[in-house]
Amino acid sequence: MDAASRILSELATRERALDAQLEAARAEAQREVEAAEAQAARILQDAQAQAAQMRREFEEVLAGQTEAIRAEARAHAQQEVGAVQSRSEGKLGPAVEHILRAVLP
C-alpha cells in the first residue's frame, strides 16, 4: 500500500500542478482578450474620429462648391438681365417712335 499511496500522492501533486498551469493559462488568455478588446476599442475610436474629420472636411468642400455655383449662377443671371435690359432699351426707342407716328399725324 505504501507504493500505492506514493503513486496516488504523486498523481495528486501532478494534478495540482496541471491545475495551476491551466489556471495560469486561463488568466493569461483573459489578459490577452482584455488587451485585444482595449486595442479594438482604440481602433474603433480612432476610426470614428477620422470619419468625423472626413465628414467635416467634405461638408466644408461641399459648402465651398455650393457657394461657388450660386455665385456663378447669380453672375450669369445678372448678365442675362443686363442683356435683356439692353435689348429692351434698344427696342424701346423705336417702339415709342413707331407709336408716336401711328398716333400723331
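Because the structure is predicted, anything quoted here is derived from the model rather than measured.

Novice: Would you mind going over the overall build of the protein chain in detail, with residue names and values included?
Specialist: Summing up its helical and strand segments, the protein chain has one helix and zero strands in all. Each principal axis of the C-alpha atoms in the protein chain carries an extent, and together these give about 150 × 15 × 10 Å. Residue burial in the protein chain is summarised as follows: out of 105 residues, 1% are buried. One way to put it: in the protein chain the 13 positive side-chain charges average out to a point 6 Å from where the 18 negative ones average out.

Novice: Any chance you could break down a nonpolar patch on the surface for me, citing the residues and the numbers?
Specialist: Taken together, the side chains of L92, V96, I99, L100, V103 and L104 make up a nonpolar region of the molecular surface, amounting to roughly 570 Å² of accessible area. In this structure, V103 sits in helix 1 (residues 2–103). Taking relative accessible area as the criterion, V103 reaches 60% and is therefore assigned exposed.

Novice: Would you mind going over the pattern of salt bridges in detail, with residue names and values included?
Specialist: Counting across every chain of the model gives four salt bridges. E23 is the salt-bridge partner of R26, the closest N and O atoms lying 3.6 Å from each other. Here the residue R26 and the residue E23 both occupy positions in helix 1, the gap between them amounting to three residues, near one helical turn. We classify E23 as partly exposed; its relative accessible area is 45%.

About the thresholds
- Residues numbered from 1 in each chain as written.
- Predicted model: local features only at pLDDT ≥ 70, side-chain atom pairs only at ≥ 80, totals over all residues.
- Heavy atoms only, no water.
- Helix = DSSP H or I, 4+ residues; strand = E, 2+ residues; numbered from the N terminus.
- Buried < 20%, exposed > 50% of the residue type's maximum accessible area, 1.4 Å probe, protein only.
- Lys, Arg positive; Asp, Glu negative; His and termini not counted.
- Charge placed at Lys NZ, Arg CZ, Asp CG, Glu CD.
- Patch = residues over 30% accessible without salt bridge, like charges linked within 9 Å, V, L, I, M, F, W, Y side chains within 5 Å.
- Areas by Shrake-Rupley, 256 points an atom, 1.4 Å probe, with all protein chains shown as cover.
- Salt bridge = Lys/Arg side-chain N within 4 Å of Asp/Glu carboxyl O.

By themselves, these figures tell us nothing about what the structure is for.
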